[in-house]
Amino acid sequence: MAAASSDVFTSNYDRMKDIKEFDQSKVGVKGLIDSGIVSIPKFFIKPPETLSTLNPSQTNTSIPVINLENTTSQAHRPKLVEQIKEAASEWGFFQVINHGIPVSVLEETIQAVKLFHEQPNEIKAKYYSREEKSGMLYSSNNDLYRAKAATWHNYLQVWMSPKEQSAKVEDIPEILRKESLAWDCCAKKVAEDVMELLCEGIGSSKFKDFTLSGERLFVSIYYPCCPQPDLALGLTPHTDPATITVLLQNQVSGLQVKHGEEWVDVKPLPGALIINIADLLQESI
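The following paragraphs examine the structure supplied in this document.

Definitions and cut-offs
Residues numbered from 1 in each chain as written. Predicted model: local features only at pLDDT ≥ 70, side-chain atom pairs only at ≥ 80, totals over all residues. Heavy atoms only, no water. Pairing = 2+ DSSP bridges. Helix = DSSP H or I, 4+ residues; strand = E, 2+ residues; numbered from the N terminus. Axes fitted to C-alpha atoms, helices over the stretch in contact; angles between N-to-C directions. Contact = heavy atoms within 4.5 Å. Phe/Tyr/Trp six-rings, centres within 6.5 Å; stacked < 30°, edge-to-face > 60°. Buried < 20%, exposed > 50% of the residue type's maximum accessible area, 1.4 Å probe, protein only. Polar contact = N/O pair within 3.5 Å; in protein donor to acceptor, adjacent residues only side chain to side chain. Salt bridge = Lys/Arg side-chain N within 4 Å of Asp/Glu carboxyl O. Patch = residues over 30% accessible without salt bridge, like charges linked within 9 Å, V, L, I, M, F, W, Y side chains within 5 Å. Areas by Shrake-Rupley, 256 points an atom, 1.4 Å probe, with all protein chains shown as cover.

Considering the sheet that holds strand β9 (residues 273-277)
Note on sheets: strands pair through backbone hydrogen bonds, and any given pair is parallel or antiparallel.
Okay, step 1: Pairing is mixed in the open sheet, where 4 strands are placed in the order β1-β2-β9-β6. A strand with exactly one partner marks an edge of an open sheet, and here the two such strands are β1 (65-67) and β6 (244-247). This sheet shows a mean twist of 30° between the axes of neighbouring strands, independent of strand direction.
Okay, step 2: Here 4 bridges tie strand β2 (residues 93-97) to β9, and the two strands are oriented antiparallel to one another. Across the sheet, the residue bridging to Phe 93 is Asn 276, located in β9.
Okay, step 3: Here helix α4 (residues 77-90) sits on the sheet and contacts β1, β2 and β9; the angle it forms with β1, its principal contact strand, is near 155°.
Okay, step 4: Each of β2, β6 and β9 touches helix α7 (residues 174-202); the most contacted strand, β6, lies at about 130° to it.

Points about the pairing of strand β7 (residues 256-259)
Okay, step 1: As defined by bridge partners, β7 adjoins strand β8 (residues 262-265) across 4 bridges and the pair is classed as antiparallel. Considered in β8, the bridge of Lys 258 is made with Trp 263.
Okay, step 2: Hairpin connection from β7 to β8: 2 residues lie between these consecutive antiparallel strands, with Gly 260 at a positive phi of about 70°.

Quick look at the packing of aromatic side chains
Each pair of aromatic rings is reported with the distance of its centres and the angle of its planes.
Okay, step 1: Taken as a whole, this structure holds 7 aromatic pairs when the rule is applied.
Okay, step 2: Measuring from centroid to centroid gives 5.6 Å for Phe 22 and Phe 44, while their planes differ by 90°, and the two rings are edge-to-face. Linking Phe 22 in helix α1 (residues 15-25) with Phe 44 in the loop between α2 (28-34) and α3 (48-51), this pair joins segments that are 22 residues apart in sequence.
Okay, step 3: Given the relative accessible area of 0%, Phe 22 is considered buried.
Okay, step 4: Chaining the aromatic ring pairs together yields one cluster made of Phe 22, Phe 43, Phe 44 and Trp 152.

With respect to the side chain of Ser 220
Okay, step 1: Within the element layout of this structure, Ser 220 appears in strand β5 (residues 216-222).
Okay, step 2: A polar contact is formed between the side chain of Ser 220 and the side chain of His 117, at a distance of 3.1 Å.
Okay, step 3: With near-sequence residues (within four places) excluded, Ser 220 lies in contact with Val 113, His 117, Asn 154, Tyr 155 and Leu 156.

Examining the pattern of salt bridges
Okay, step 1: The full count for this structure, using the stated rule, is 9 salt bridges.
Okay, step 2: Residue Glu 196 pairs with Arg 77 through a salt bridge whose shortest N-O separation is 3.2 Å. Separated by 119 residues along the polypeptide, Glu 196 in helix α7 and Arg 77 in helix α4 bring together distant segments of the chain.
Okay, step 3: Its salt-bridge partner being Asp 193, residue Lys 189 comes within 2.8 Å of it at the nearest N-O pair. In this pair, Lys 189 and Asp 193 are both assigned in helix α7, 4 residues apart and thus about one turn of the helix distant.
Okay, step 4: Judged by its relative accessible area of 24%, Asp 193 falls in the partly exposed class.

Observations regarding the pairing of strand β4 (residues 154-161)
Okay, step 1: When you tally the buried positions in β4, you get 8 out of 8 residues, the bulk of the element.
Okay, step 2: Bridge analysis of strand β3 (residues 136-139) against β4 gives 4 bridges, and the strand direction is antiparallel. Residue pairing across strands places Tyr 138 opposite Leu 156, the latter belonging to β4.
Okay, step 3: Of the pairings in the sheet, the one linking β4 to β5 comprises 7 bridges and is antiparallel in character. What sits directly across from Ser 161, in β5, is Arg 216.

Here's the deal with a nonpolar patch on the surface
Okay, step 1: Taken together, the side chains of Leu 217, Val 219, Ile 221, Tyr 223 and Leu 235 define a hydrophobic patch exposed on the protein surface, amounting to about 390 Å² of accessible area.
Okay, step 2: Tracing the backbone through its elements, the reader meets Tyr 223 in the loop between β5 and β6.
Okay, step 3: Residue Tyr 223 is classed as partly exposed on the basis of its relative accessible area of 44%.

Structure, rendered in structure tokens:
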């Protein structure tokens, strides 16, 4: 798989051949880095018109930060409800602090994810798959064969619910089994707390009894260093499906959210979680 050149976006380049070779290797982008590449394969290069729209944030604006402490206090709850309602409707994103998940759980989850993705390629390869409805899979780019350009990440996804679709506990890689199960339990509680406050704010019980345990997916995304970061993206701009996403990020900057016509940097905040009001719920706010 060769480096970038002027024929990337022309008919002279056999893109599908390179994609198949990459996919069949089952090593993902981490495997490319481990092989010592100094330039990225051509199918990762974003068209200039895409890259030109993704400039660094030019503002000090940041997404709201909401303190979930004292949610049961009659003195604090009304203000908290209003803050979540406003953040959800105006941004669709906000960070929460004092959410009840111990720092130790956050740190152990991040470390376990890192350890999984940094295992030798031959160990991870046995989990590699493109069967997105399987209980668990490890891969790179779920739209590899559909997208105009691939993005620079690997991911592991584990279905936690419903039972008929979820991965068997013994099938979850041991290196992050305990941590992923603990995270699922904690994140579900935070999502339920946020949903209750949001429903109270919008004056609707439509989602109050929505079963967040109906479909839950644990996804870990790993972005190894890219030798040509000016030519590729970690993820393309997108929205999340379903109802709500509870996101735990490490302390490395890079995440942006779109507010109006501007991309805003999400500055990592120690101990915080990011809440994304996803497509299904966004339509009702």
